[in-house]
Structure formats: C-alpha cells, structure tokens
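Overview (structure and organization)
Now for the letters of each chain:
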Amino acid sequence: MASFTNNPYTWGSKSHEVTSSIAELVLTSENSTELNMLQLPTPISIYIPRKGRINFKDKLIDLGKNTVVRFNFTGALKQISMKTLVVIIKSSWNETEEEVKLLVSINSDNETSIADQSGNWSSTVVIPPRDSLNSSFTASVLFPGYLFTANSSINIRRLGSLEKSGLDLAGNISMSTFLADCLHWDTLEEDWKQNGCQVGPDTSLIQSHCLCSHLTSFGGGFIVMPNSLNIAEAILKFADFWSNPIVIICICMLFVIYFLVLICAWRLDKRNEAMTVAVQLADNDPFDAYIYNVLIITGSRPGAGTSANVTITLYGSEGNSEPHLLYCPDRHVCGRGAMDTFIIKTAEPLGDILKIRVWHDNSGSHPAWYLSRILAYDTSSDNHYYFLCNNWLAIDLGTGEVDVTLKVAREHDIKLKRQLFTRWSVR
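Rules of the game
- Residues numbered from 1 in each chain as written.
- Predicted model: local features only at pLDDT ≥ 70, side-chain atom pairs only at ≥ 80, totals over all residues.
- Heavy atoms only, no water.
- Helix = DSSP H or I, 4+ residues; strand = E, 2+ residues; numbered from the N terminus.
- Buried < 20%, exposed > 50% of the residue type's maximum accessible area, 1.4 Å probe, protein only.
- Contact = heavy atoms within 4.5 Å.
- Areas by Shrake-Rupley, 256 points an atom, 1.4 Å probe, with all protein chains shown as cover.
- Disulfide = S-S within 2.5 Å.
- Pairing = 2+ DSSP bridges.
- Polar contact = N/O pair within 3.5 Å; in protein donor to acceptor, adjacent residues only side chain to side chain.
- Phe/Tyr/Trp six-rings, centres within 6.5 Å; stacked < 30°, edge-to-face > 60°.
- Lys NZ or Arg CZ within 6 Å of the ring centre and 35° of its normal.
- Salt bridge = Lys/Arg side-chain N within 4 Å of Asp/Glu carboxyl O.
- Axes fitted to C-alpha atoms, helices over the stretch in contact; angles between N-to-C directions.

**Quick notes on the overall build of the protein chain**
Secondary structure assignment for the protein chain yields 6 helices and 25 strands. Classification of the 427 residues of the protein chain by burial places 41% in the buried group. Partitioning the contacts of the protein chain with sequence separation of at least 6, the portion at a separation of at least 24 is 75%. Surface summary for the protein chain: the accessible area is close to 24,900 Å², and the carbon and sulfur share equals 54%.

And the structure:
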C-alpha cells in the first residue's frame, strides 16, 4: 500500500479530473508476484483525503418551507452525468423531543426518464431527537449524475407537521452540495477510469470515500456546484426592502459615488484633451507661411501657474519673430503643471533658433510664474530647439525678474540637467 500527495500518472486523458491524493493498494504473493484482484464480491472501502483547504459556505435550510437549490447544467451536462452529486445535511442540535425527517429529492424537466432509469431518486434524512443526539449530526445523500437533465433542481422539504414539534429549527440545519467521483488507474490502457468504482456514503468535504471491486491506484474528483442566477427572484426580494434597508442603501450610495467619479473623470478627460490641442494665436498674420510649434512647460510646484499675460519672441540666425501674446480664449494657459502648445507664424524662415525671449506683465492675483522649459519645433526643417529655464519669473521670487532671454540648450546641457523631451508632443 502506498500513497502520493500528487498524481504520479499525469499523462492520462482524465488526469485533470483527479484533485485528491492518490492511494495505491496492491496484493502480492509470497514470491512478490502481483495478484490480479478483479470483480471482488464485496467492494473495498477506500478513503482518500483531499488536497488543500476548501472554502465552502453552507446553505441554511428553512424548515418552515421547501428549500430549493437550482443548478443549470446546460453545456456541462455530459461531464456531470459521469459524476455523483453529494448532498450533505448538517445539524448542530435538535431541540425537539422527536426526530425530524427531511425529504431530499431531484426535480427535472423530464421526470419520466428519471423514474425509468432509477426508481430511487429521492431519499429521507432522519435527524434524531435531542435525547439521542450527543453532538452534531451529518448525513450524506448520493444521487448519480445520469439523473440530471438540462434543467434540474434539488428540493429539500420537511415531512410532518411544523406545529407538532412546537419549535422552529430554521438556521440550525444546513446543507452543502458538490460533485464527486472515484477513478482508478487502468494499467493496460494507461488512463484513469470510472468503471468498477463508485462514490461511497462517507464522502465529505475533506475526503473521498470510494467503493471499488478491484485493486490498483485510486483518486477522487471534486467540483463545487455553481448556483444559477434567478434575476426575477432577486428583483422580487427588493419588495422586502424595509426588513434590512442598510444593504440596499449602501449599494445605492456606492452606485452614486461611482457615477460621480465617472462624471469627474469624464470632465477631466475633456479638459486634458483640450489641453493637448495646439493654440492658434490670434496675433498671427494669416498670410505668414512658416510655422513654429512652441511647447511651454510650467513647473508643478505649488504656485507655479501664473495669472499674468505672457509674451514670447523667437530669435533665429536669419531673423526674429514678432512678439506674440500667449492667449487662448477657450482655456487658461501657463497653469501649474501645464504643457501648452502654441502655433507661431512668420513671413520668412528664421533659420536656426538661437534664443527665446519670454516675459509677462505681472498682472492678476498671482502673477509669479515658474517656467520649467521650452521646446520649439520648426515644421519646415523638422528641427527641434530646447531652452532650459527652471526658474521663477516674478518680482518677489528667484532672481526678481519677469523678463528673461533663454539661449538654445546644447546636448551637454540637456544631459547634465537630466531633462527629458518628447519630439512628438508638439507635432
């Protein structure tokens, strides 16, 4: 006899269905020859522990009415038909002085076919009274998978009168359901098979109980049953709103917060989208043919944005532009952390841009401006020119100047200050 934590026969076509540990039981003769044990008259009980911890939430049974658990087997019916449905009934105590009987049955859209294949498709679970019940009570009900059709359900109801016991046991009894199967390793076909093995009544969430008529390697499968979603039933539960309004109120508040955040995000996206559009300056001459895209990057430190009117002039090796006021009628420019692109036109090409003069009129409630850097792009020659500032243009901060002239940065200066520029940002 040997046991394996992991499946050693992983090349079989059904190896993925084996989710438990592996138990191997073989009998040998005195000369160590393996005995062929097949078609045993009494099945051998094999208990195989499951691997890992299974988080499973039991369903409480309300004894005042039928408890119905519905499953939708459409699409997985062929796979389920080869397994066994295990229904486990649990009770921590029974305060009545008489036994409690529960009828566990299967309902289907084709009950005739079920009755023809198996005359026993319901079972009665008897919970003993408090005098004979020492601690907890657990009972397992097994249903072969071939009983199920595309629309099947498990029904649990109490037999007898509720008034006879005098006590309501709702919340004391619970149930759990899952699919299980027992497989054995066929040494001739080298694959996992189900013939000759069936699920035993002691199968639980922690172990598989297999009844087999031969000896070989054994393993078990385990699938937690998925509950079907009944939208109509869920909507009807809103009629009982006042019994527990906190949950519904919290959900509604979450939806309101979600839509408020969604609206704020949408407005921010619109604003950022508008900021990426190049500003056509009003003081450009419409007859000028040479275009320069100028990217103004304002610092992100507190108070870096300015309320003053900013003006810029480009100076090149073959001439200079007119002074241009950086103004956009649709949005504020030169704000904190802003990256504003402006289109400046000239009548003739300026050649290589050597320097830029930029200043403001110190107007508004917060005229101080922290200019980070400027990138000028000549659309005709496809040349880029970088200008580093990283200083305040303010009368009370930095050098106390509001008018600066920036020389074009050399490659050494850019690498030294670790400045990063993107050419496509002003195209």
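**Quick notes on the state of the cysteines**
The full count for this structure, using the stated rule, is 2 disulfides. The residue that forms a disulfide with cysteine 182 is cysteine 210, at a sulfur-sulfur distance of 2.1 Å. A torsion of -90° about the S-S bond marks the disulfide between cysteine 182 and cysteine 210 as left-handed. Placement of cysteine 182 in strand β11 (residues 173–186) and of cysteine 210 in strand β14 (residues 207–212) is noted, with a sequence separation of 28 residues between them.

**Observations regarding the sheet that holds strand β16 (residues 279–280)**
Two orientations exist for strands paired in a sheet by backbone hydrogen bonds: parallel and antiparallel. Ordered in space as β16-β21-β17-β23-β24, the 5 strands form an open sheet in which the pairing is mixed. Only two strands of the sheet have a single neighbouring strand rather than two, namely β16 and β24 (383–393). Across 2 bridges, the pairing between β16 and strand β21 (residues 339–346) is parallel. Its bridge partner lying in β21, glutamine 280 is registered against isoleucine 343.

**Observations concerning the side chain of threonine 306**
If you trace the backbone, threonine 306 turns up in the loop between β17 (290–298) and β18 (310–316). Within polar-contact distance, the side chain of threonine 306 engages the backbone nitrogen of alanine 308 at 3.0 Å. Ignoring anything within four residues of it in the chain, the contact list for threonine 306 reads His332, Val333, Cys334, His366, Pro367, Ala368 and Trp369.

**Comments concerning the pairing of strand β23 (residues 369–378)**
Of all 10 residues that make up β23, 10 are buried, and the element is covered over most of its length. With 7 bridges connecting them, β17 and β23 associate as antiparallel partners. Bridge pairing links tyrosine 292 to aspartate 378 in β23. Here 9 bridges tie β23 to β24, and the two strands are oriented antiparallel to one another. Within β24, the position partnered with arginine 373 by the bridge is leucine 388. Counting the residues that bridge the hairpin from β23 to β24 gives 4 residues, and of these aspartate 382 lies at a positive phi of roughly 60°.

**Considering the environment of leucine 215**
The residue leucine 215 is located in the loop between β14 and β15 (217–224) in this model. With 189 residues separating them in the primary sequence, leucine 215 and valine 26 have C-alpha atoms 5.8 Å apart. In contact with leucine 215, not counting residues within four places along its chain, are Leu25, Leu27, Met37 and Ile44.

**A look at the packing of aromatic side chains**
This structure, assessed with the given rule, holds 7 aromatic pairs. Between tyrosine 258 and phenylalanine 259, the aromatic rings sit 5.4 Å apart at their centres with planes inclined by 70°, giving edge-to-face as the arrangement. A residue is classified by how much of its surface remains accessible, and tyrosine 258, at 48% relative accessible area, is partly exposed. By way of ring pairs, the aromatic residues Tyr9, Trp11, Trp185 and Trp192 are connected into one cluster. Stacked on the ring of tyrosine 315, the Lys or Arg lysine 355 has its end atom at 5.1 Å from the ring centre.

**Brief notes about the pattern of salt bridges**
Applying the stated criterion across every chain, the model contains 3 salt bridges. With its nearest N and O atoms 2.8 Å apart, the salt bridge here joins lysine 193 to glutamate 189. Judged by relative accessible area, lysine 193 falls into the partly exposed class, the value being 22%. Arginine 357 is the salt-bridge partner of aspartate 403, the closest N and O atoms lying 2.6 Å from each other.

**Brief notes about the pairing of strand β9 (residues 137–144)**
Covered by surrounding structure in β9 are Phe137, Ala139, Val141 and Phe143 only, the residues Thr138, Ser140, Leu142 and Pro144 on the alternate face being uncovered. As defined by bridge partners, strand β6 (residues 84–91) adjoins β9 across 8 bridges and the pair is classed as antiparallel. Residue pairing across strands places isoleucine 88 opposite serine 140, the latter belonging to β9.

**Observations regarding the environment of alanine 139**
Mapped onto the elements, alanine 139 comes out in strand β9. Classification of alanine 139 as buried rests on a relative accessible area of 15%. The sequence separation of alanine 139 and valine 126 amounts to 13 residues, and the corresponding C-alpha distance is 8.6 Å. Excluding anything up to four places from it in sequence, alanine 139 contacts Val87, Ile88, Ile89 and Val125.

**Focus on the sheet that holds strand β13 (residues 197–199)**
Strand order in the open sheet made by the 3 strands is β3-β14-β13, with antiparallel pairing throughout. Looking along the sheet, the strands with just one partner apiece sit at the ends: β3 (44–49) and β13. Recorded for the sheet is a direction-independent mean angle of 30° between the axes of neighbouring strands. Bridge count for β3 against β14 is 6 bridges, and the pairing is antiparallel.

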